[in-house]
Structure formats: structure tokens, C-alpha cells
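Fold and contact review
Chain by chain, the residues run as shown.
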Amino acid sequence: MSSQTPHISSPSRVPAGASPTGDGIVVGAGPVQVDAFIDFLCPFCKQFEGKSGPLLDELVADKAISLVYHPMGFLDDLSTTRYSSRASAASGCASDGGHFMEYLYALFANQPPEGGPGLSDDELIELGRAVGLTDSSFAECVRQGVYLDWSAYVTATAIQRGVGGTPTVAVQGVAVPANPATILAAVRAALAGVGG
């Protein structure tokens, strides 16, 4: 870290399930940490989730990994409504409601094209309802943009860590290609290292 590193202001609040540093949502409790830096507008992230998601879910279920999703607002310039940040913020609301993963799947399944407005707040809320986020607190959280400053924090922290694009995956802090084979190999090597 150089003295030139800009100060990143902490968000006013972080979602339930956030990592200790507050810049991601933790799924699972295994010994090996896998970080996935994603953007809900990014077509490659949707492909990554389609290809690697089942493996990551399995590793979480097997208690091999702690999976930390970092939903970034990286592609805000590719929508007319800062959709990346709004979807990221909405995923924080979903985490508060205990349905982060279901909401993540729904956001990718309903991914809007780059260059347009993205989904409206009403559509983001409707996706939440479809995965069980029926409490009015979820809708209020999305409408009020409660986690927009958290999304900015996640994005700024990732950029400071050297993340230059999405999806980016790291196993135990070391970047690996975002495909199932290399992720699995890195996790197995890390498990061997921690006596797993």
C-alpha cells in the first residue's frame, strides 16, 4: 500500500452476512476463502455463474470453502440508471432478508442488456418477491437505496485490491482463472495446505 492510496469511506451500514471487512457477502463456513468479484450487468459474470456456480455451491455445501461474493458497481457507465450499483445494493437488501444466493441467481437469470436502463426498482423488488423476499422491508431497502454507499465501498475496495474486471476469482487471496477446473484445483491445493 502506498501513501497515494485514496481513502475509501466506509459505508453507513453493511448487509447481514457481510465479511469482516464489510466488502462482500459470505456464503458458507469452510476453511478456504474463495472471493468472487462480480457485476450483475456483466454478461461474463452470468456465464461464470452458470459454469462455476454449481461447483461453488457444492464446495460450500461440503464445508470446504467460505465463498465471498463482492457485487460491484463496475459497469455503471454501461446503463442509463447506474444499474450495476442499484442491483448490487439490492443484493445487500436480499442478504438482510436471508435470500442472497437465490436473489443472485434471479438477477443473473433476468440480466438486462448492457447500454439500456437495466431493471427498474419495481422489477428488482418483484425479483425479490419471486425468491421469497416478501417482507415490505426488502422493498423499502431497495427503494431507499440503503446499500448504494455499500456498493460503492465494495467497488472501491476491489479496485484497490487490483481487481480490473469482472468476474475475478481469488482462492486464499491468489487470483485464479474464473473457471471450475482451476478453482477446484486451487481449492484442493489450499485444503491440502490447511490439513483438510
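Refer to the structure presented above.
Now for a look at the structure at hand.

The rules behind these values
- Residues numbered from 1 in each chain as written.
- Predicted model: local features only at pLDDT ≥ 70, side-chain atom pairs only at ≥ 80, totals over all residues.
- Heavy atoms only, no water.
- Phe/Tyr/Trp six-rings, centres within 6.5 Å; stacked < 30°, edge-to-face > 60°.
- Helix = DSSP H or I, 4+ residues; strand = E, 2+ residues; numbered from the N terminus.
- Buried < 20%, exposed > 50% of the residue type's maximum accessible area, 1.4 Å probe, protein only.
- Salt bridge = Lys/Arg side-chain N within 4 Å of Asp/Glu carboxyl O.
- Disulfide = S-S within 2.5 Å.
- Expected span 1.5 Å × (residues − 1).

In this structure the tally under the stated criterion is 4 aromatic pairs. When the centroid spacing of 5.9 Å and the interplanar angle of 50° are considered together, the rings of tyrosine 69 and phenylalanine 100 count as tilted. Linking tyrosine 69 in strand E3 (residues 65–71) with phenylalanine 100 in helix H3 (residues 100–109), this pair joins segments that are 31 residues apart in sequence. Among the residues examined, phenylalanine 100 registers a relative accessible area of 5% and is labelled buried.

According to the stated counting rule, one finds 7 salt bridges in the structure shown. A salt bridge links aspartate 121 to arginine 86; its shortest N-O distance comes to 2.7 Å. With aspartate 121 in helix H4 (residues 121–130) and arginine 86 in helix H2 (residues 83–96), the pair connects residues that are 35 residues apart, well separated along the chain. Residue classification places aspartate 121 among the partly exposed residues on the basis of a relative accessible area of 25%.

This part takes up the state of the cysteines. Overall, the coordinates contain 1 disulfide when judged by the stated rule. There is a disulfide in this structure between cysteine 93 and cysteine 141, and the S-S distance comes to 2.0 Å. One disulfide, between cysteine 93 and cysteine 141, carries an S-S torsion of -80° and so falls in the left-handed class. Remark: cysteine 141 occurs in helix H5 (residues 136–143) and cysteine 93 occurs in helix H2; sequence separation between them is 48 residues. Accessibility assignment for this pair places cysteine 93 and cysteine 141 in one class, buried.

The next thing to look at is H2. Here H2 contains 14 residues, and its C-alpha end-to-end distance of 20 Å stays within 8% of the 20 Å for a straight helix at 1.5 Å per residue. With 13 of its 14 residues buried, H2 lies for the most part within the structure. Phi turns positive one or two residues past the end of H2, at glycine 98, with a value near 80°.

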